[in-house]
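Commentary on secondary and tertiary structure
Letter by letter, the chains look like this.
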Amino acid sequence: MSWKAYNDLAWTEHILAAPETYKDEAMIYVKSLEGRVSGKKPTMLHLGCGAGGHDFHFKKYFSVTGVDLSDGMLSIASATNSEIVYIKGDMRNVELGKKFDVVAIPDSVMYMRTFEDLTATLKTAKKHLQPDGVLLVVAHIKEEFKNNNFAYSGEKDDIHITVFESNFILSDGTYEATMIYLIRQNGELNIHHETHTLGLFTYAEWVKVFSECQLKMDVMNLDHLYDPYLLEDGEYKLKIFLGTSII
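The notes below deal with the structure included here. Note that the structure is a prediction, hence the values are computed from the model and not measured. (Residues numbered from 1 in each chain as written. Predicted model: local features only at pLDDT ≥ 70, side-chain atom pairs only at ≥ 80, totals over all residues. Heavy atoms only, no water.)

What follows deals with unusual backbone geometry. Even without a glycine there, the phi angle at Asp157 is positive, about 55°. For Asp157, a relative accessible area of 74% corresponds to the exposed category. A positive phi angle, near 55°, is found at Asn186, a position not held by glycine. With respect to the element layout, Asn186 can be found in the loop between strand E8 (174–185) and strand E9 (188–199). (Buried < 20%, exposed > 50% of the residue type's maximum accessible area, 1.4 Å probe, protein only. Helix = DSSP H or I, 4+ residues; strand = E, 2+ residues; numbered from the N terminus.)

Right, dumping it as structure tokens:
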């Protein structure tokens, strides 16, 4: 896990998007779980927790444990949410030896590039679910995904950051997310760039993986989350997949 964006440049995360700005998105997920999870403060396992922006809001409703592969992101998350236990691990095979009322993957399942990796991730999630627990996954589906460009910016003190991201579909069914960071600090401009290759799966493949994990799947549309950041006349459609145990 050597990506600069999540290690050397992890410190830019909360300048580009402070934890407070995750509230509207996090509340969509919290509300989608209402009526599906009981108890005063249910437990949640957040796989691919990143810098802890979602957890800043999740922790008000759930007792959260976070897992991520990136040391840089885990460092930021721990500083942001000192009351949360964060663990370095791979969502495909992490083993915590306990079960949770909710397993959430709201922002990182696209890093599973193959169907085998996707299946391993959901089986790991199912392994950590209470018998009456709920899995929440946010992802795009291949049929709806388009090439798009995005721009993000933020500033703090004498630091100004702009990030351009280009998503481009490849012939093998994956897509590239190429990011260019423009970081201005103390009058000096530094430019960093990086390309990540991510997975795309059809709706039928999502149905198949939920079935193989013996999870009943419900689906909600989440189509406008990234509209403020899109350049040109693009669109970035997402699905919220909710899974509950069949047996």
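Summed over all chains, the structure comprises 15 aromatic pairs. For the pair Tyr152 and Tyr229, a centre-to-centre distance of 5.0 Å together with 40° between the ring planes defines the contact as tilted. Placement of the pair is Tyr152 in strand E6 (residues 148–156) and Tyr229 in the loop between strand E10 (215–222) and strand E11 (238–245), with a sequence separation of 77 residues. Take Tyr229: its relative accessible area is 36%, and that puts it in the partly exposed class. Every member of this aromatic cluster is reached through a ring pair, and the members are Phe145, Phe150, Tyr152, Tyr175, Tyr226, Tyr229 and Tyr236. (Phe/Tyr/Trp six-rings, centres within 6.5 Å; stacked < 30°, edge-to-face > 60°.)

All right, on to the layout of surface pockets then. As a volume, the second largest pocket reaches approximately 180 Å³. A per-class count over the lining of the second largest pocket returns seven nonpolar, one polar and three charged. (1 Å grid on protein atoms, 1.4 Å probe; cavity = no way out; pocket = protein on both sides within 12 Å on 5 of 7 lines; lining within 4 Å. Points joined across faces, edges and corners; volume = space filled by probe spheres on them. Nonpolar A, V, L, I, M, F, W, Y, C, P; charged D, E, K, R; others polar.)

Spatial strand order, E3-E2-E1-E4-E5-E11-E10: seven strands in an open sheet with mixed pairing. The open sheet has two edge strands with one neighbour each: strand E3 (85–88) and E10. Recorded for the sheet is a direction-independent mean angle of 20° between the axes of neighbouring strands. Strand direction decides the pairing type here: strand E1 (residues 43–47) and strand E2 (residues 63–68), joined by five bridges, are parallel. By the bridge assignment for E2, His46 is matched with Gly66. Sitting on the sheet, helix H2 (residues 23–33) is in contact with E1, strand E4 (100–105), strand E5 (129–139), E10 and E11, with an inclination near 145° to E5. (Pairing = 2+ DSSP bridges. Axes fitted to C-alpha atoms, helices over the stretch in contact; angles between N-to-C directions. Contact = heavy atoms within 4.5 Å.)

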